[in-house]
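Spelled out from the first residue to the last, the chains are:
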Amino acid sequence: MSSIPISVEGFQRLEKELHNLKKDRPEIIQAIKEAREEGDLRENSGYHAARERLGLLEARISFIESRMPQFNIIDLATLGGDKAIFGATVEIEDMDTGDKKRYTLLGPDEAEPTKGSISILSPVGQALLGKEAGDEIVVNAPRGRIQYEIISICFNGSGAPKN
């Protein structure tokens, strides 16, 4: 069993999600029971929808519970340094287009690219790990090879990025 890094906040979000899923379970089971009492189950869309909801809920509960023992919970406030590691916020520039992006490197269970965080296991995350400001990285993407320059690295909003 390998360790999966996760921030304290990410772990707390998963714990809350797990709690809410378990809280929703009796309601779905009750909906199945009520739909079953209506009679013929072959054409009972309410029954089939409730069964599907329960299946998805149970799958998510199982997934989260199976991951919990593997998590290595890391307090982002304790991190620092000059290298791109878990918890670092890295600004990169596409060397062809000049577009700049800023990402926080997090674990796979909490990364949200639309909110500015990416997984350390993603292609960009993997390419960034261990690098410093000024380094160049190459990422294989659907549009081809993209070359980035690391502009800055900072931790937990710790003030000025390290150049």
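Residues numbered from 1 in each chain as written. Predicted model: local features only at pLDDT ≥ 70, side-chain atom pairs only at ≥ 80, totals over all residues. Heavy atoms only, no water.

(A) Expanded view of the packing of aromatic side chains. Counted according to the given criterion, the structure contains one aromatic pair. Consider the rings of Phe-11 and Phe-71, whose centres lie 6.0 Å apart with planes at 85 degrees: the pair is edge-to-face. Of the two residues, Phe-11 is situated in helix H1 (residues 8-36) and Phe-71 in strand S2 (residues 71-74); the sequence distance between them amounts to 60 residues. Residue Phe-71 is classed as buried on the basis of its relative accessible area of 10%. (Phe/Tyr/Trp six-rings, centres within 6.5 Å; stacked < 30°, edge-to-face > 60°. Helix = DSSP H or I, 4+ residues; strand = E, 2+ residues; numbered from the N terminus. Buried < 20%, exposed > 50% of the residue type's maximum accessible area, 1.4 Å probe, protein only.)

(B) Region of the structure containing the environment of Lys-33. Among the secondary structure elements, Lys-33 is positioned in helix H1. Counting along the chain gives 18 residues from Lys-33 to Arg-51, while the straight-line C-alpha distance between them is 10 Å.

(C) Layout of the sheet that holds strand S4 (residues 100-106). Taken in spatial order, the five strands line up as S5-S4-S3-S7-S6 in an open sheet, and their pairing is mixed. Looking along the sheet, the strands with just one partner apiece sit at the ends: strand S5 (117-119) and strand S6 (136-141). Averaged over all pairs of adjacent strands, the angle between their axes in this sheet comes to 45 degrees, without regard to strand direction. (Pairing = 2+ DSSP bridges. Axes fitted to C-alpha atoms, helices over the stretch in contact; angles between N-to-C directions.)

(D) Quick look at the domain arrangement of the protein chain. Along its sequence, the protein chain is organised into domain 1 (4-73) and domain 2 (76-155). Centre-to-centre, using C-alpha coordinates, domain 1 lies 33 Å away from domain 2. Between domain 1 and domain 2, the residue contacts involve 11 residues of the former and seven residues of the latter. With both sides pooled, the region where domain 1 packs onto domain 2 buries about 650 Å², and carbon together with sulfur makes up 56% of that total. Among the residues of domain 1 in contact with domain 2, Pro-5, Ser-7 and Arg-13 are the three that bury the most area, contributing 52% of the side total. At the junction of domain 1 with domain 2, the criterion picks out two salt bridges. Residue Asp-109 is joined to Arg-67 by a salt bridge in which the shortest nitrogen-to-oxygen separation is 2.6 Å. Run the count over domain 1 and domain 2 and you get two residue pairs in polar contact (both at pLDDT 80 or more). Sorting the residues of the side of domain 1 that touches domain 2 by element identifies strand S1 (4-7), H1 and helix H2 (45-67) as the ones contributing at least two each. Classifying every residue of the side of domain 1 that touches domain 2 by side-chain character gives six nonpolar, two polar and three charged. (Domains from an automatic or database assignment. Contact = heavy atoms within 4.5 Å. Buried area = accessible area lost by both parts, 1.4 Å probe. Salt bridge = Lys/Arg side-chain N within 4 Å of Asp/Glu carboxyl O. Polar contact = N/O pair within 3.5 Å; in protein donor to acceptor, adjacent residues only side chain to side chain. Nonpolar A, V, L, I, M, F, W, Y, C, P; charged D, E, K, R; others polar.)

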